[in-house]
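# Coordinate analysis (summary)
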Amino acid sequence: MSVEQIQQAEWTPKIVGFCCNWCSYAGADLAGTSRFQYPSNIRIIRVPCSGRVNPHMVIRAFQKGADGVLVAGCHPGDCHYSTGNYYARRRMLLFKRLLEYVGIEPERFQVRWISGSEGQKFAETAQKLTEQIKALGPNRKLRDVR
Amino acid sequence: MKRVGVFVCHCGSNIASVVDVKRVAEAANKMQGVAFATDYQYMCSEPGQDVIIKAIKEHRLERVVVAACSPRLHEPTFRKTIEKAGLNPYFVEMANLREHCSWVHSKDKEGATLKAIDLVRKAVSKVNKTFPLFPGEIPVEKRCLIIGGGIAGIQAAIDVADQGYEVVILEREATIGGKMAILDKTFPTMDCSACICTPKMVDAAQHPNVKLYTWSELESVGGYVGNFEVTIRKKARYVDLGKCTGCGICETKCPKKVPSEFDFGLGQRPCIYKPFPQAVPNKPVIDAKNCRKLLENKCGVCAKVCPTNAINYEDKDELVTEKFGAIIMATGYELYDWTKDFGEYGYGKYPDVIMGLQFERLVNASGPTMGKIKRPSDGKVPKNIVIVKCVGSRSTEKGKSYCSKFCCMYTAKHATQILEKIPDANVYIFYMDVRTPGKMYDEFYMRTKEGYGAIYLKGQVSKIYQEGESLVVKGEDILAGKPIQVKADMVILATAAASVYDAPEVAQKVGFSYDKDGFFTEAHPKLRPVETNTAGVYLAGCCQGPKDIPETVSQATAAAAKVGSLFSKDKMATNPMISEVNEKLCSGCGLCIPVCPYKAIELKTITERVHGGQVQRQVASVNAGLCQGCGPCTVACRSGAINLKGFTNQQILAEVDTACL
């Protein structure tokens with residue numbers, strides 16, 4: 001959808017969430033089993049570990065029209081693969097600064113640590129992210145002009 | 001484009017009541033590459049799986065998308081299904097329409113249906129880029145390590161050893177036996193705890209397949225299921241177990257006495273000691289923190305009296321590394337330290353306010369008072385005794401939010417023990433609720449109340465303070481609707497059962513998850529209660545959550561059965577979703593090597609033909625046995641030469657593309 005089309009239609013944000021299989025994806029599953037409600041804007045992509053998420057994938061999401069991106073992994077120290085989320089933390093911190101430098105609002109790209117027992121936190125994160133991005137409006141900066 | 005089949009599950013009404021499954025299937029039918037789409041009530045049921053198998057054959061499907069529940073639940077099920085139909089088991093992808101859609105968007109049916117269609121499209125795009133994967137095989141080291149030598153560890157050890165496999169019990173104390181060895185009697189049968197626990201300890205120790213490492217700690221764990229490499233620190237014991245006969249002369253001659261940990265400070269022990277007389281191994285250890293020989297180089301009496309020269313003051317910690325195929329965690333629990341939070345009960349400054357486990361020692365025939373109930377301050381026999389339940393349990397303000405499960409029963413047991421030994425005593429029990437599910441448990445509680453005449457008062461205790469020789473317990477009786485004050489000679493607090501203080505540290509060493517309270521997390525609360533999310537690591541007993549002895553023992557046996565099934569094969573299939581190096585692209589920079597937590601990547605030399613000549617160069621190479629498929633290496637690679645099978649860059653990017661449509 002181009003930006004013009006978006007402006008015409010009733011706009012709802014599109015959010016891509018990268019969730020590690022062991023903590024955050026399980027946390028999202030727990031939000032489901034506990035029936036914690038959150039807006040239906042987020043599309044979760046399952047990755048084995050937050051360390052698997054390449055900044056390339058985040059850029060690609062923005063390029064293809066995502067309005068927000070969430071990268072979620074195990075809490076530091078609790079990585080199923082012992083150190084994967086430390087790499088994610090460092091990479092994403094640097095990458096976030098790069099995005100900010102390019103002019104992307106910091107709220108659009110968020111990194112969160114959500115454990116498998118934090119269904120509530122997952123639902124709250126999805127809720128808050130949607131609200132923040134709704135307030136920002138559509139992502140214009142990185143979107144492919146098509 | 002491959003011929004993809006989409007199967008949308010109703011999950012009874014779990015999905016279908018929110019998501020318009022027919023619309024999802026219709027939309028799927030129009031998606032690029034989808035050759036067939038349908039919906040069915042229960043895809044995971046046998047007829048549901050038959051629908052998939054039939055469709056694969058009829059429509060010559062090459063890839064399958066099942067839009068149902070979380071892949072964490074049923075991915076293995078559907079992999080087996082399509083394997084039956086002759087496809088590679090990794091040609092299936094799941095769209096999570098239940099946990100991630102219908103259950104969380106139940107008020108937004110339209111939004112949920114649109115999201116469901118998107119999730120299916122995302123799965124279709126991913127499955128299109130899937131390559132066939134084949135699990136490898138690795139040998140299984142048929143030895144089991146059991147961490148913790150309480151009743152859970154002992155039972156698990158005996159059960160694994162009886163199946164014919166070697167077992168090592170790792171115990172940090174000088175003896176196995178754990179908390180059960182401390183107890184006097186067990187509810188509801190009032191069996192003597194030592195009479196049922198100590199024979200089991202001996203059985204474990206004398207079993208030909210069991211090796212004990214007492215007075216030892218876990219240092220580090222490497223490797224993976226079937227091939228764990230565990231380093232154990234054997235702490236300096238200062239007593240040569242090979243020479244010592246356990247005669248006990250040293251213990252009687254040691255001149256220095258300190259409070260006994262086993263008796264929770266109610267009794268004394270020498271500085272060379274066995275925790276209790278029936279300890280296994282029945283050989284002493286020197287307490288290096290208090291021994292005068294080790295501290296000041298004086299004394300040395302134990303070495304002089306030892307008839308076998310077993311004392312070695314030069315003893316040092318020793319590290320041993322051994323290989324194991326499976327690990328059972330049986331690290332148990334400890335009592336919540338009430339003294340730091342409960343100022344209203346005196347922060348532990350009143351000697352006659354004691355914990356449940358201290359009372360177990362007071363009433364125990366081998367305890368410091370030889371089983372006579374005497375209060376710790378002046379040794380008088382108490383007449384009025386108050387028991388306070390839920391100290392630190394079921395509280396969101398201080399202590400723990402959960403119910404510690406066994407306190408209701410042990411407080412009833414304590415009340416009957418008091419009333420049997422001191423018939424004219426008055427026992428008052430302050431409770432929030434009395435929870436006694438279990439075989440013969442409620443009958444026991446009723447007998448305590450009605451047969452023995454223990455006085456149960458519903459209400460909490462607000463304050464305990466000293467008045468002269470006795471304690472005043474202020475609380476309320478909410479059934480009578482009034483405050484109540486009891487003059488007591490002794491107070492027993494039923495403190496919460498908490499995780500062991502270093503449980504999170506141990507879990508991190510072994511590499512599996514734990515919850516907010518430090519209890520170890522099982523792989524699935526209902527269907528996989530003794531496994532962890534880390535393959536080859538199992539749970540037994542209170543380390544997973546508070547439970548009583550029968551439950552602990554059953555869980556230990558269950559864990560042993562799991563180990564047995566793991567060890568029943570000589571080789572086990574490995575996860576094929578591991579990293580793979582494209583040697584054409586790899587420049588051999590080696591940046592991926594330090595990123596790998598499993599040391600699975602190393603450089604190797606390959607020979608290539610370039611312009612007719614032979615050139616040797618270095619490329620990264622992944623050890624399939626070590627790689628666990630986490631993927632940080634793929635991001636570290638500058639040239640995009642490493643990919644993670646099953647989660648390839650192409651697959652994830654395809655998902656990103658379709659998720660943003």
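The shown structure was predicted, so the numbers you read here are calculated from the model rather than taken from an experiment.

Further remarks concern the overall build of chain A. Of regular secondary structure, chain A possesses 5 helices and 4 strands. Reading the helices (α) and strands (β) of chain A from amino to carboxyl end gives α-β-α-β-α-β-α-β-α. Over its C-alpha atoms chain A spans a radius of gyration of 15 Å, differing by no more than 12% from the 15 Å that the globule rule assigns to 146 residues. Reported as C-alpha extents along the three principal axes, the dimensions of chain A are approximately 45 × 35 × 20 Å. Taking all 146 residues of chain A together, the buried fraction comes to 55%. Across chain A, the mean location of the 21 positive side-chain charges is 6 Å away from that of the 12 negative side-chain charges.

Turning to the overall build of chain B, a few remarks are in order. For chain B, the helix and strand inventory stands at 18 helices and 34 strands. With respect to the three principal axes, the spread of C-alpha positions in chain B is 90 × 70 × 40 Å. Taken across its 661 residues, chain B has 56% of its residues classed as buried. The contacts of chain B with a sequence gap of at least 6 include a subset with a gap of at least 24, amounting to 69%. Summed over its atoms, the accessible surface of chain B is roughly 28,200 Å², and 51% of this surface lies on carbon and sulfur atoms.

This part takes up empty space enclosed by the protein. Taken as a whole and assessed by the stated rule, the structure comprises 8 cavities of 30 Å³ or more. A volume near 150 Å³ is recorded for the largest cavity. In this structure, the largest cavity is lined by 15 residues; those nearest its centre are Y25 and I44 of chain A together with M94, K122 and E655 of chain B. Counting residues per element, the ones that place at least two in the lining of the largest cavity are β2 (42–47) of chain A together with β4 (92–96) and α5 (109–128) of chain B.

Sheet faces and side chains relate simply in a regular strand, where the side chains alternate between the two faces. All names here are of chain B. Most of strand β6 (residues 143–147) is tucked away: 5 of the 5 residues are buried. In β6, alternate side chains face the same way, and those of R143, L145 and I147 on one face and C144 and I146 on the other are all buried. Pairing of β6 with strand β7 (residues 166–170) involves 5 bridges; the strand directions are parallel. Looking across to β7, one finds that R143 is bridged to E166. Crossover handedness for the path β6 to helix α6 (residues 151–162) to β7: right-handed.

With that settled, the discussion passes to the packing of aromatic side chains. Throughout the structure, instances matching the rule amount to 16 aromatic pairs over all chains. On the numbers, 5.4 Å between centres and 80° between planes, the contact of F95 of chain A with F109 of chain A is edge-to-face. Note that F95 of chain A is positioned in helix α4 (residues 84–102) and F109 of chain A in strand β4 (residues 109–113), a separation of 14 residues in sequence. The residues F95 of chain A and F109 of chain A share a single accessibility class, namely buried. When the centroid spacing of 5.4 Å and the interplanar angle of 70° are considered together, the rings of Y402 of chain B and F519 of chain B count as edge-to-face. Placement of Y402 of chain B in the loop between β21 (384–391) and α12 (407–421) and of F519 of chain B in the loop between α14 (503–510) and β29 (537–539) is noted, with a sequence separation of 117 residues between them.

In this section: the state of the cysteines. One pass over the full model with this rule turns up 2 disulfides over all chains. Shown here is the disulfide that connects C23 of chain A with C74 of chain A, its sulfur atoms set 2.4 Å apart. Taking the torsion about the S-S bond as the criterion, the C23 of chain A to C74 of chain A disulfide, at about 100°, is right-handed. Taken together, the residues span a long stretch of sequence, with C23 of chain A in the loop between β1 (15–20) and α2 (24–33) and C74 of chain A in the loop between β3 (68–73) and α4 at a distance of 51 residues. Bridging C192 of chain B to C195 of chain B, the disulfide has an S-S length of 2.3 Å. Where C192 of chain B bonds to C195 of chain B through sulfur, the torsion about that S-S bond is close to 90°, and the disulfide is right-handed.

With that out of the way, let us pick up α5 of chain B. For α5 of chain B, spanning 20 residues, the distance from its first C-alpha to its last is 29 Å, which sits close to the expected 28 Å at 1.5 Å a residue. Where burial is concerned, most of α5 of chain B is hidden: 16 out of the 20 residues are buried.

All names here are of chain B. As a packed pair, helix α1 (residues 21–30) and α5 sit with axes 9 Å apart at the nearest point and diverge in direction by 35°. Both α1 and α5 take part in a crossing whose hand is right-handed. Mapping the contact onto sequence places R23, V24, A27 and A28 in α1 and E110, T113, L114, A116, I117 and V120 in α5. In the contact of α1 with α5, the residues fall into 7 nonpolar, 1 polar and 2 charged.

The next point concerns the pattern of salt bridges. All names here are of chain B. Applying the stated rule across the entire model yields 41 salt bridges over all chains. A salt bridge links E75 to R79; the shortest N-O distance between them is 3.3 Å. Taken together, the residues span about one helical turn, with E75 and R79 both in helix α3 (residues 71–84) at a distance of 4 residues. Comparing E75 with R79, the two get one shared label, buried. With a shortest N-O distance of 2.8 Å, D287 and R269 are connected by a salt bridge. Of this pair, D287 sits in the loop between β16 (285–286) and α9 (292–296) while R269 sits in strand β14 (residues 268–270), and the two are 18 residues apart along the sequence. On the basis of relative accessibility, which here comes to 11%, the residue D287 falls in the buried class.

Quite often, the size of an interface is put as the accessible area lost when its parts meet. With 49 residues of chain B at the contact, the number on the chain A side is 47 residues. Between chain B and chain A, a total of about 4,000 Å² is buried, with carbon and sulfur atoms accounting for 55% of that surface. On the surface where chain B and chain A come into contact, there are 4 salt bridges. With a shortest N-O distance of 2.9 Å, D118 of chain B and R43 of chain A are connected by a salt bridge. Seen at the junction of chain B and chain A, the total is 22 residue pairs in polar contact (both at pLDDT 80 or more). Only α3, α4 (98–102), α5, α16 (592–595), α17 (632–636), β34 (642–644) and α18 (649–659) of chain B provide two or more residues apiece to the side of chain B that touches chain A. Here the side of chain B that touches chain A takes 7 residues from α18 of chain B, the largest share from any one element. Per-class residue counts for the side of chain B that touches chain A are 22 nonpolar, 17 polar and 10 charged.

Rules of the game
Residues numbered from 1 in each chain as written. Chains lettered and ligands numbered in written order. Predicted model: local features only at pLDDT ≥ 70, side-chain atom pairs only at ≥ 80, totals over all residues. Heavy atoms only, no water. Helix = DSSP H or I, 4+ residues; strand = E, 2+ residues; numbered from the N terminus. Rg over C-alpha atoms; globule rule 2.2 N^0.38 Å. Buried < 20%, exposed > 50% of the residue type's maximum accessible area, 1.4 Å probe, protein only. Lys, Arg positive; Asp, Glu negative; His and termini not counted. Charge placed at Lys NZ, Arg CZ, Asp CG, Glu CD. Contact = heavy atoms within 4.5 Å. Areas by Shrake-Rupley, 256 points an atom, 1.4 Å probe, with all protein chains shown as cover. 1 Å grid on protein atoms, 1.4 Å probe; cavity = no way out; pocket = protein on both sides within 12 Å on 5 of 7 lines; lining within 4 Å. Points joined across faces, edges and corners; volume = space filled by probe spheres on them. Pairing = 2+ DSSP bridges. Right-handed = clockwise from strand over helix to strand, strands pointing away. Phe/Tyr/Trp six-rings, centres within 6.5 Å; stacked < 30°, edge-to-face > 60°. Disulfide = S-S within 2.5 Å. Expected span 1.5 Å × (residues − 1). Axes fitted to C-alpha atoms, helices over the stretch in contact; angles between N-to-C directions. Left-handed = near helix turned anticlockwise from the far one by under 90°. Nonpolar A, V, L, I, M, F, W, Y, C, P; charged D, E, K, R; others polar. Salt bridge = Lys/Arg side-chain N within 4 Å of Asp/Glu carboxyl O. Buried area = accessible area lost by both parts, 1.4 Å probe. Polar contact = N/O pair within 3.5 Å; in protein donor to acceptor, adjacent residues only side chain to side chain.

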